[in-house]
Amino acid sequence: MESLAISIASERRRLFVGRQAELSALDAWLGEPDPPTRLFHVTGMGGIGKSTLLRRMFERARAEPVTGIWIDGRATSATPAGFLAYLAAMFDFPGRLTLDRIRAGVLTRRLSGRSIWCVDNYEALEPIHEWLWEAIFPELPARGHLVVLASRGIPASTWRTDPGWRSRVHHLPLGPWSPAEAAEYLRRAGIPERHIDPLVRATGGQPLAVALAADAFLTRAQPPEEAALAATLEVSALLMREAAGKKLEPLLEVLAVVPEADLALFRQVADEPPSDEQLLTLGRLSFVEPAGGGFRLHDVARHHLLTDLKERDPARFRILRRRAVHALMA
């Protein structure tokens, strides 16, 4: 009987479309009999398909005689000690893994032949970015290893000007699907042919929006226009939350449920009072504007974020709305 893992991988492959240039770069490396160690950096906005591409690369490499190592940047604390502890747990090292042990080759001795290291959500590791590039990645053998990073942007790095790194690093920026690629995904997902072009136009080929629109059409029987609109709203809210970051997300939730908020209202409605730094950063967001002594969201941004909050976490929405009503009536 086929295992669940094999079934899931098969479905992912069936629905994977596009990204031929990126996969060709991987295939070129896999096709070399003794490839030099290289680093691919996949970048792009939220929902553009970075994790999907990384999984496809991982599966494609493992189909060859290549060992795969998957690292989620969000699963390890962004400190040298936390990253080393994560590797120790992954490779089942006895005792404490140290940089000296890595330099002694303990990591690479546990890998047979070539290997691919896929690091998803690499932006979570930005605080130790320079340490990884100076202390960890250089300890890999000069041949036979491929490191693939996926992040929203490119952290400041010396590799652009470092002659040693420059020839080994390839930047792979991702954009939206072409109309043909988006249409192919919808076709594979089971969307009737007559509805494909309207969905492609409405979502702009943004992979997450296309996938969400297909899901809304198939599972909730929404008309194509409604499905595309709902998907676009969800993706827009995702990108605004991503731009704000986790520390500011609670403040965005407050601004979604009230027309405007000052420090006193934030203190009454948010889970924790905001710091001066949070308020300063909040005011710099392009979709937040000053309002009297406080802040408010642009109308379109508030509509997207409020709709998203109601659908994504209705219990949270009710709690914040109740707090806001009590605060405004006090």
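Description of the structure in this document. (Residues numbered from 1 in each chain as written. Predicted model: local features only at pLDDT ≥ 70, side-chain atom pairs only at ≥ 80, totals over all residues. Heavy atoms only, no water.)

**Side note on unusual backbone geometry**
Stage number 1. One non-glycine residue, Arg-19, lies in positive phi territory at about 60 degrees.
Stage number 2. For Arg-19, the location among the structural elements is in the loop between helix H1 (4-15) and helix H2 (20-31).
Stage number 3. You will see that Asn-121, though not glycine, has its phi angle at about 50 degrees, which is positive.
Stage number 4. With respect to the helices and strands, Asn-121 occurs in the loop between strand E3 (114-120) and helix H7 (129-136). (Helix = DSSP H or I, 4+ residues; strand = E, 2+ residues; numbered from the N terminus.)

**Details of the packing of helix H4 (residues 80-90) against H7**
Stage number 1. Where H4 meets H7, the closest approach of the two axes is 11 Å, and the angle between their N-to-C directions is 60 degrees. Our classification of the angle between H4 and H7 gives oblique. Crossing of H4 against H7: the hand is right-handed. Residues Pro-80, Phe-83 and Leu-84 of H4 touch H7, and the partners they reach there are Trp-131, Leu-132 and Ile-136.
Stage number 2. Of the residues contributing to the contact of H4 with H7, the split by class is 6 nonpolar, no polar and no charged. (Axes fitted to C-alpha atoms, helices over the stretch in contact; angles between N-to-C directions. Parallel < 35°, antiparallel > 145°, perpendicular 65-115°, else oblique. Left-handed = near helix turned anticlockwise from the far one by under 90°. Contact = heavy atoms within 4.5 Å. Nonpolar A, V, L, I, M, F, W, Y, C, P; charged D, E, K, R; others polar.)

**Here's the deal with the pattern of salt bridges**
Stage number 1. Here the structure, examined in full by the defined rule, presents 17 salt bridges.
Stage number 2. Between Asp-72 and Arg-74 there is a salt bridge; the shortest N-O distance is 3.4 Å.
Stage number 3. Between Arg-241 and Asp-308 there is a salt bridge, with the nearest N and O atoms lying 2.7 Å from each other. With Arg-241 in helix H12 (residues 224-244) and Asp-308 in helix H16 (residues 299-312), this pair connects stretches of sequence that are 67 residues apart. The exposure classification of Arg-241 matches that of Asp-308, with both residues buried. (Salt bridge = Lys/Arg side-chain N within 4 Å of Asp/Glu carboxyl O. Buried < 20%, exposed > 50% of the residue type's maximum accessible area, 1.4 Å probe, protein only.)

**Side note on the packing of aromatic side chains**
Stage number 1. By the definition in use, this model includes 5 aromatic pairs.
Stage number 2. Considering the side-chain rings of Trp-133 and Phe-137, the 5.9 Å spacing of their centres and the 75 degrees angle between planes classify their relative orientation as edge-to-face.
Stage number 3. Taking relative accessible area as the criterion, Phe-137 reaches 11% and is therefore assigned buried.
Stage number 4. Here the aromatic cluster, defined as three or more aromatic residues joined through ring pairs, consists of Trp-133, Phe-137 and Trp-165.
Stage number 5. Note that Arg-114 overlies the ring of Trp-29, its terminal NZ or CZ placed 5.5 Å from the centroid. (Phe/Tyr/Trp six-rings, centres within 6.5 Å; stacked < 30°, edge-to-face > 60°. Lys NZ or Arg CZ within 6 Å of the ring centre and 35° of its normal.)

**Focus: the environment of Arg-38**
Stage number 1. Checked against the element boundaries, Arg-38 lands in strand E1 (residues 38-43).
Stage number 2. Residues within four places of Arg-38 in sequence aside, it is in contact with Trp-29, His-145, Leu-146, Val-147, Ser-167, Arg-168 and His-170.

**A closer look at the layout of surface pockets**
Stage number 1. Of the pockets and cavities examined, the largest pocket occupies roughly 1300 Å³.
Stage number 2. Lining the largest pocket are 38 residues, and of these Gly-46, Gly-47, Lys-50, Ser-51 and Asn-121 lie nearest its centre.
Stage number 3. For the lining of the largest pocket, the elements supplying multiple residues, two or more each, are H1, helix H3 (50-62), strand E4 (145-151), helix H11 (207-219) and H12.
Stage number 4. Broken down by element, the lining of the largest pocket gets its largest block of residues, 7 residues, from H3.
Stage number 5. Grouping the constituent residues of the lining of the largest pocket by class yields 13 nonpolar, 8 polar and 17 charged.
Stage number 6. By volume, the second largest pocket is sized at about 190 Å³.
Stage number 7. Lining the second largest pocket, in full, are Ala-5, Ile-6, Ile-8, Ala-9, Arg-12, Arg-13, Phe-58, Glu-59 and Arg-62.
Stage number 8. Every element with two or more residues in the lining of the second largest pocket is listed here: H1 and H3.
Stage number 9. Take the lining of the second largest pocket: its biggest share by element is 6 residues, from H1.
Stage number 10. Broken down by class, the residue content of the lining of the second largest pocket amounts to 5 nonpolar, no polar and 4 charged. (1 Å grid on protein atoms, 1.4 Å probe; cavity = no way out; pocket = protein on both sides within 12 Å on 5 of 7 lines; lining within 4 Å. Points joined across faces, edges and corners; volume = space filled by probe spheres on them.)

**Let's talk about the packing of helix H13 (residues 249-257) against H16**
Stage number 1. The geometry of H13 relative to H16 is characterised by a closest axis approach of 9 Å and an angle of 105 degrees between their N-to-C directions. Comparing their axes, H16 and H13 come out roughly perpendicular. Contact residues: H13 offers Glu-249, Leu-252, Glu-253, Leu-255, Ala-256 and Val-257, while H16 offers Arg-302, Leu-305, Leu-306, Leu-309 and Arg-312.
Stage number 2. Of the residues belonging to the contact of H13 with H16, the class tally is 7 nonpolar, no polar and 4 charged.

**Here's the deal with the environment of Arg-96**
Stage number 1. Considering the arrangement of structural elements, one finds Arg-96 in the loop between H4 and helix H5 (99-103).
Stage number 2. Of the residues examined, Arg-96 reaches a relative accessible area of 68% and is grouped as exposed.
Stage number 3. Taking the C-alpha atoms as reference points, Arg-96 and Leu-186, 90 residues apart in sequence, are found 49 Å from one another.

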